[in-house]
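Results of the structural survey
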Amino acid sequence: DSTKLWVDKLMADADIGATYASFGEPCGDFTGEQCAIFYNKSKFDLVEEKSGTRWLWCEHGVTCNVEGCTGSETAGNFPSASDTTYYRIMTYATLTCKDDSTKEFTFINTHLDLSYYADDEYGYFTVQNKQIDYILNFAKSFIGQGIPVIMTGDFNQYLEGGVGQRILDAGFKHAATESLKTEGQE
């Protein structure tokens, strides 16, 4: 796992390791890629029972639209290895503020695929759309509990259109756009 070795080396640095903790695990394919989340351990506590890594597939298959589906907790891929290039994952970490444990949020980090999946009933659609459906559905489980969600990652698309637009349509805001607003703007 080259990515895990890199993260371990980074965390062994006295300055970084003393300040930050990392959370996440490799995706289980030949790349060893992970969507690790780093956080300042002097400011935040990890809520382990509300944190984990999930592979972007489920036992219902690539066309899953089962309400509340939480996917699989074991490494895997879409039904056929030819349907996606890599095993894609999302890592989520629920963090509480050390100075006020009632302040809690969930951070999701992911890396979406670029592959396509063909199905006679549904025609062609991107695996990315199914992956973002899954992630948004998963995020709703936290939002429904009043827990704010921050999402980052490599979406392999521009913000305008595609999955980027679907993320915005789901109520998420783009950090770069929001940071340009002045006080008092919505």
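Structure: see above.
Residues numbered from 1 in each chain as written. Predicted model: local features only at pLDDT ≥ 70, side-chain atom pairs only at ≥ 80, totals over all residues. Heavy atoms only, no water.

**Digging into the packing of aromatic side chains**
- For the structure on display, the rule yields 5 aromatic pairs.
- Measuring from centroid to centroid gives 6.4 Å for Tyr-134 and Phe-138, while their planes differ by 20 degrees, and the two rings are stacked. Taken as a pair, Tyr-134 and Phe-138 lie in helix H3 (residues 127-143) at a separation of 4 residues, close to a single helical turn.
- Classification of Tyr-134 by relative accessible area gives buried; the value is 11%.
- A residue is classified by how much of its surface remains accessible, and Phe-138, at 5% relative accessible area, is buried.
- Aromatic pair Phe-138 and Phe-142: ring centres 5.5 Å apart, planes at 65 degrees, arrangement edge-to-face. Taken together, the residues Phe-138 and Phe-142, both in helix H3 and 4 residues apart, mark about one turn of the helix. No difference in accessibility class separates Phe-138 from Phe-142, as the two residues are buried.
- Three or more aromatic residues joined by ring pairs make a cluster, and in this case those are Tyr-92, Tyr-134, Phe-138 and Phe-142. (Phe/Tyr/Trp six-rings, centres within 6.5 Å; stacked < 30°, edge-to-face > 60°. Helix = DSSP H or I, 4+ residues; strand = E, 2+ residues; numbered from the N terminus. Buried < 20%, exposed > 50% of the residue type's maximum accessible area, 1.4 Å probe, protein only.)

**Section: the pairing of strand S6 (residues 100-111)**
- Here 8 bridges tie strand S5 (residues 89-97) to S6, and the two strands are oriented antiparallel to one another. Bridged to Tyr-92 within S6 is Ile-108.
- Hairpin connection, S5 to S6: the antiparallel pair is bridged by 2 residues.
- For S6 and strand S9 (residues 149-154), the ladder comprises 6 bridges, and the chain directions are parallel. Within the sheet, the bridge partner assigned to Ile-108 lies in S9 and is Met-151. (Pairing = 2+ DSSP bridges.)

**Here we look at the pairing of S5**
- Along S5, 9 of the 9 residues are buried, which leaves the element largely enclosed by surrounding structure.
- The alternating pattern of S5 places Ile-89, Thr-91, Ala-93, Leu-95 and Cys-97 on one face and Met-90, Tyr-92, Thr-94 and Thr-96 on the opposite face, and all of these are buried.
- For strand S3 (residues 44-46) and S5, the ladder comprises 3 bridges, and the chain directions are antiparallel. Paired with Asp-45 across the bridge in S5 is Thr-96.
- Both strand S4 (residues 52-55) and S5 contribute to a ladder of 4 bridges, which runs antiparallel. Paired with Arg-54 across the two strands is Met-90, which belongs to S5.

**Regarding the environment of Ile-132**
- Following the sequence through the fold, Ile-132 ends up in helix H3.
- By relative accessible area, Ile-132 is classed as buried at 0%.
- A sequence separation of 20 residues divides Ile-132 from Leu-112, and the C-alpha atoms of the two residues are 7.9 Å apart.
- Here Ile-132 is in contact with Leu-112, Met-151, Phe-155, Val-163, Arg-166 and Ile-167, once residues within four sequence places are set aside. (Contact = heavy atoms within 4.5 Å.)

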